[in-house]
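# Examining the three-dimensional arrangement
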Amino acid sequence: MELGAALLAVGADERTTSFAMFSDTLDPAWIAQALAATGTATIRRRKLPADYVVWLVIGMGLLRDRSIREVVRHLALVLPASGARPTVSGSAIVQARARLGPQPLAALFAQSAAVWSTAAADAERWRGLAVYGVDGTTLRVPDSAENETAFGRAPVRWGSTGGYPLLRLVALMVLRRHLLAGVAIGAYRDSELTLAASLWGQLPAASLVIVDRRFAAYALFHRLGDPARQRHWLTRARRGASTLASRVVQRLAPDDDLVELTPGRQTQRAHPDLPPTLRVRAIRYRRRGFRPQVLLTSLLDPAAYPAAELVTLYHERWELELGFDEVKTHTLEREEALRSKTPARVEQEVWGLAIGYNLVRLAMARAAARVGMPAVRISYRHALLLIRGFWASAWLAAPGVLPRRIERLHEELALLVLPERRPRRFPRVVKIKMSNYPRKRPRPRRSRVK
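Every value quoted in this text rests on a predicted model; they were computed, and no experiment measured them.

Moving on to the overall build of the chain. Looking only at helices and strands, the chain has 16 helices and ten strands in total. Within the chain, the fraction of its 450 residues that count as buried is 46%. In the chain, the proportion of contacts linking residues at least 24 apart, taken out of those at least 6 apart, comes to 69%. On the chain, roughly 23800 Å² of surface is accessible, and the fraction owed to carbon and sulfur atoms is 53%.

See below:
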């Protein structure tokens, strides 16, 4: 049985061992449920039925170095016609993706991520709390009129718009496994705080979410903090924020205080039902070569949650930035933009990319468990290349050989251990590309000697 048919065989009698690598993570029954829930299941016989198109969209993300038609051919995702070679035209692929739409992929991601992220967060708890992170980024989309209307462009100084249209993406991630638990997609003009509103409800009990200082808002602190469910937050205070001029209630230790925050006038007008004060913990620290910083958190007990550990834990927020780099630099091969030229297919491609990224990360976590290493110590770039090679060539092997090939793949992934990370000793700076021409500098005026 070819890989495409093996991946999509749902019945117990039709499954072969070639599906073992994927059935442990992405259950084919989830695909059927997502298609049924969104009303997009294929009724008539087509060369590209809906469940095949789901795997096509996922393959588009993982096999970015191949065209879409090559993805269909390499994964054998075409039902054979009677007495004819299974082929499909480019227009048929576009029509099949348009029939499917983005909703089934969004539902499939939500269902799979809920299961995968819960297990991943439970395996890497900090003092009994599951550690999550939230941050945003942008992705370029093809320069078409429809994409520009739906997503917009970034303003530039020398004109009204410039560059490619951009979509804004906010992700909820299990930081210690780099696993996406939730994704919100919007236009470039949408703020990260607005898009993240749909993600806060996905935070489970007994969890800690680490956010950037752009999310440091009085109303959000009240929403995220839930002592009854042991749901907490950790962030860095904004420099010059009015909420920092608050009253110190109790000094817990040097550079560790309980403070009462008060909302600004604008927050009071927008949220009149909020309490007038909020008691949080403020931890002041300074790393060598960096400016002094203040952390704010809802973890008020200094004995249960030491300040030194919280300072170290906050910098794990950078794992989310590394996850964005893995998607944009390695998975997308640093291409200028996504492939899709219409907003619906752009969203569909993003959901497929998120599912594919999680599949790679789950395979890396299993390989890391074999050698007793954290999942973030496995090289994402090399793991992706190995999985790409397996996906593109597995259908050529006999079914009886595939179990041994899958086991060999897991063994090779376990060998991709990275060295321990070096601590950052210098702050981030924006580096300007050097020009091939010498810079024109103003010549100093020579003083005339009288």
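From this point, things continue past the structure.
A separate point is the pairing of strand β8 (residues 256-261). Among the six residues in β8, six count as buried, and that is most of the element. Where burial is concerned, the two faces of β8 agree: the one with D256, L258 and E260 and the one with D257, V259 and L261 are both buried. Direction of pairing for strand β7 (residues 247-253) relative to β8: antiparallel, over a ladder of five bridges. Looking at β8, one finds that R251 is bridged to D257.

Moving on: the confidence of the model for the chain. On average, the chain scores 83 in pLDDT, and the residues at 70 or more come to 79%. Averaged over each element, pLDDT in the chain is lowest for helix α1 (residues 3-8) (39) and highest for strand β5 (residues 207-211) (97). A low-confidence stretch, residues 1-20 (pLDDT under 50), is modelled with 44 contacts involving residues beyond four sequence positions or located in other chains.

Turning next to the nonpolar core. Core analysis: the largest hydrophobic core is formed by 117 residues, its most contacted members being L26, I58, W126, V134, L167 and W200. Top element by residues in this core is helix α14 (residues 343-371). It accounts for 14 residues. Discounting residues that sit within four places of it in the chain, L167 has contacts with T137, T138, L139, V141, F151, I185, G186, Y188, L338, V346 and V350.

This brings us to the packing of helix α4 (residues 50-62) against α14. Each pair of packed helices can be summarised by the angle the axes make with each other and by the distance between the axes. Between α4 and α14, the least distance of the axes is 7 Å, while the angle of their chain directions is 70°. One element, α4, and the other, α14, form an angle in the roughly perpendicular class. For the pair α4 and α14, the contacting residues are W55, V57, I58, M60, G61 and L62 in the first and Q348, E349, G352, L353, I355, G356, Y357, L359 and V360 in the second. Taken together, the residues of the contact of α4 with α14 sort by class into ten nonpolar, four polar and one charged.

A few words on the environment of R361. Note that R361 resides in helix α14. You can call R361 buried: its relative accessible area is 2%. Between the C-alpha atom of R361 and that of A375, which follows or precedes it by 14 residues, the distance is 8.1 Å. Not counting residues within four places of it along the chain, the set of residues in contact with R361 comprises R177, H178, L179, E326, A375, V376 and Y380. At 2.6 Å, the side chain of R361 forms a polar contact with the side chain of E326.

This brings us to the side chain of R97. Relative to the assigned elements, R97 resides in helix α6 (residues 90-100). For the buried R97, no salt bridge exists, and the shortest N-O distance to an oppositely charged side chain is 4.6 Å, to E349. At 2.7 Å, the side chain of R97 forms a polar contact with the side chain of Q348. Each residue touching R97, except ones within four places of it in the same chain, is listed here: V53, L56, V57, M60, I68, S340, R345, Q348 and E349.

Under the criterion given, the structure shown has 23 salt bridges. Its salt-bridge partner being E260, residue R279 comes within 3.3 Å of it at the nearest N-O pair. On the criterion of sequence distance, the pair formed by R279 in strand β9 (residues 278-285) and E260 in strand β8 is long-range, its members being 19 residues apart. Linking R421 and E319 is a salt bridge whose minimum nitrogen-to-oxygen distance equals 2.3 Å. Of this pair, R421 sits in the segment after α16 (402-414) while E319 sits in helix α13 (residues 318-331), and the two are 102 residues apart along the sequence. E319 gets classed as buried once you look at its relative accessible area, which sits at 11%. One connected set of salt bridges, linked through shared partners, spans D135, E192, D212, R214, R317 and E321.

Rules behind the numbers
Residues numbered from 1 in each chain as written. Predicted model: local features only at pLDDT ≥ 70, side-chain atom pairs only at ≥ 80, totals over all residues. Heavy atoms only, no water. Helix = DSSP H or I, 4+ residues; strand = E, 2+ residues; numbered from the N terminus. Buried < 20%, exposed > 50% of the residue type's maximum accessible area, 1.4 Å probe, protein only. Contact = heavy atoms within 4.5 Å. Areas by Shrake-Rupley, 256 points an atom, 1.4 Å probe, with all protein chains shown as cover. Pairing = 2+ DSSP bridges. pLDDT = per-residue confidence, 0-100. Core = buried A, V, L, I, M, F, W, Y, C linked by side-chain atoms within 4.5 Å. Axes fitted to C-alpha atoms, helices over the stretch in contact; angles between N-to-C directions. Parallel < 35°, antiparallel > 145°, perpendicular 65-115°, else oblique. Nonpolar A, V, L, I, M, F, W, Y, C, P; charged D, E, K, R; others polar. Polar contact = N/O pair within 3.5 Å; in protein donor to acceptor, adjacent residues only side chain to side chain. Lys, Arg positive; Asp, Glu negative; His and termini not counted. Salt bridge = Lys/Arg side-chain N within 4 Å of Asp/Glu carboxyl O.

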